[in-house]
Amino acid sequence: MRIAGMLPEPIRGILISSGISEKNLREIRLRTGRGLVAETADGECMLDKSGNRVYTEEAAYKVTGETIKTAMELLTGYSVYAFEEELRQGYFTVAGGHRIGVAGHAVTEGGRVLRLNYISFLNIRIAHECKDCSKELFGRLYGDGQYYHTLLFAPAGCGKTTFLRDLIRLFSKAGLRVGVADERSELAACYHGIPQHDLGMRSDVMDGCPKAEAMQMLLRSMTPQILAADEIGMREDVLAIRAAAGSGCKVVASAHGGTFSELKRNPMLYELWEERRFERYVLLGKEGRGFGVKEIYDADGEEMKGWNI
């Protein structure tokens, strides 16, 4: 397990002894003074010092503050200050594309976070590429040189980012230039500016920049045919999408929403729907231990039953 090699003992040994494969692992939760928790494709489990699954926190291995401090040193290559800007946003990305969420005591000034002190909580999100997971969907969105403004939507944890990442790769593979506004480093998972995920040879990534500004910068500098952004929904995003549409660039994005009606409760997404900015809406959901397409809608919000996968 590669991620285990980036963590201190005894966490490393516990994970290896647990028998959980990295392919099946989703998150590792380290909380000072609390039990060690792993999130897998099968659900959450607590682990004891021998790597066995246990069912009470009393039986789980207790994470110490020293363990979290050492984990931060290892994950940042003993250069925590090099990640200071990312840490102000509550996360940083390491080699392999794994995203480390952090929480603790925030030092603020004028409403702005200056730094995090006493980091006591880590959420290690394991990066997974799932190539061709969106292949059937891609066949509905691209053909004969035609492609559509598309919004993927789903509740949290239902594969929006994974599907969007794979669509970017497939559009790039099909010969289209794709500009990727990767505000939270989840699509390309850049490490020192280099994507850790395969987005295809024709994708250009603006990493760690607010997505609306990144979209505008990409439009000006990289002449994309497609702009991709994860989790839109703010006023700035709407303005950037309008600008993209006005330039002839298609937008492929994702947003939160469990149903089409729920999606429209976001006033910004409702505006985009009223303007018919998106031509296809794709609802994703869980299927067994993976994710899949549940429903596809046209620009008016009518379900395209013949298009369902």
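What comes next is a walk through the structure. (Residues numbered from 1 in each chain as written. Predicted model: local features only at pLDDT ≥ 70, side-chain atom pairs only at ≥ 80, totals over all residues. Heavy atoms only, no water.)

When its secondary structure is counted, the protein chain shows 9 helices and 16 strands. Relative to the globule expectation of 19 Å for 309 residues, the C-alpha radius of gyration of the protein chain, 20 Å, shows essentially globular dimensions. Its C-alpha atoms give the protein chain principal-axis dimensions of about 55 × 45 × 35 Å. Within the protein chain, the fraction of its 309 residues that count as buried is 47%. Within the protein chain, contacts between residues at least 6 apart in sequence are counted, and of these 60% link residues at least 24 apart. Entry remark: accessible area of the protein chain is about 14600 Å², with carbon and sulfur atoms responsible for 48%. Charge centroids of the protein chain, computed over 40 positive and 42 negative side chains, lie 2 Å from each other. (Helix = DSSP H or I, 4+ residues; strand = E, 2+ residues; numbered from the N terminus. Rg over C-alpha atoms; globule rule 2.2 N^0.38 Å. Buried < 20%, exposed > 50% of the residue type's maximum accessible area, 1.4 Å probe, protein only. Contact = heavy atoms within 4.5 Å. Areas by Shrake-Rupley, 256 points an atom, 1.4 Å probe, with all protein chains shown as cover. Lys, Arg positive; Asp, Glu negative; His and termini not counted. Charge placed at Lys NZ, Arg CZ, Asp CG, Glu CD.)

If you trace the 7 strands from one edge of the open sheet to the other, you get β12-β11-β13-β14-β10-β15-β16, paired in mixed fashion. Each edge of the open sheet is held by one strand with a lone partner, namely β12 (203–207) and β16 (290–298). Each strand of the sheet is rotated relative to its neighbour by a mean of 20°, with strand direction disregarded. Sheet topology note: the strand β10 (residues 150–154)/strand β15 (residues 280–287) ladder contains 4 bridges and is parallel. Bridging across to β15, T150 finds its partner in R280. (Pairing = 2+ DSSP bridges. Axes fitted to C-alpha atoms, helices over the stretch in contact; angles between N-to-C directions.)

The next thing to look at is helix α9 (residues 267–274). For α9, every residue scored as buried is listed here: M268, L269, L272 and W273. For α9, the buried positions fall inside an angular range of 145° around the axis, keeping them on one side. Among the structural elements, α7 (235–246), β14 (250–256), α8 (260–263) and β15 are those in contact with the buried residues of α9. The N-cap of α9, judged by a side-chain oxygen 2.8 Å from the amide nitrogen of M268 a few residues on, is N266. Where α9 ends, the next residue or the one after it, R276, has phi of about 55°, a positive value. (Arc of directions from axis to C-beta. Polar contact = N/O pair within 3.5 Å; in protein donor to acceptor, adjacent residues only side chain to side chain.)

We now examine the packing of α7 against α9. The axes of two packed helices give the description: the angle between them and the distance between them. One way to put it is that α7 packs onto α9 with a least axis distance of 9 Å and a crossing angle of 20°. On the basis of the axis angle, α7 is roughly parallel to α9. Crossing hand, α7 versus α9: right-handed. Residues R235, V238, I241 and R242 of α7 touch α9, and the partners they reach there are M268, E271 and L272. Broken down by class, the residue content of the contact of α7 with α9 amounts to 4 nonpolar, no polar and 3 charged. (Parallel < 35°, antiparallel > 145°, perpendicular 65-115°, else oblique. Left-handed = near helix turned anticlockwise from the far one by under 90°. Nonpolar A, V, L, I, M, F, W, Y, C, P; charged D, E, K, R; others polar.)

Our focus in this paragraph is the packing of aromatic side chains. Overall, the coordinates contain 12 aromatic pairs when judged by the stated rule. When the centroid spacing of 5.4 Å and the interplanar angle of 20° are considered together, the rings of F138 and Y142 count as stacked. Judged by its relative accessible area of 22%, Y142 falls in the partly exposed class. Between the aromatic rings of Y270 and W273, the centroid separation amounts to 5.5 Å while the plane-to-plane angle is 45°, which identifies the pairing as tilted. Highlighted residues: Y270 and W273, both in helix α9, separated by 3 residues, approximately one helical turn. For W273, a relative accessible area of 13% puts it in the buried group. By way of ring pairs, the aromatic residues F153, F260, F278, Y281 and Y297 are connected into one cluster. (Phe/Tyr/Trp six-rings, centres within 6.5 Å; stacked < 30°, edge-to-face > 60°.)

Attention now moves to the pattern of salt bridges. Scanning the entire structure with this criterion turns up 19 salt bridges. Ionic pairing is found between R99 and E186, a salt bridge with its closest N-O pair at 2.8 Å. Of this pair, R99 sits in strand β6 (residues 99–109) while E186 is found in the loop between β11 (178–182) and β12, placing the two residues 87 residues apart along the sequence. According to the relative accessible area criterion, E186 is buried, its value standing at 12%. For R184, the salt bridge goes to E231, with nearest N and O atoms at 2.6 Å. Pair noted here: R184 is in the loop between β11 and β12 and E231 is in the loop between β13 (226–229) and α7, with a separation of 47 residues, a long-range link. R184 sits in the partly exposed class, given a relative accessible area of 29%. (Salt bridge = Lys/Arg side-chain N within 4 Å of Asp/Glu carboxyl O.)

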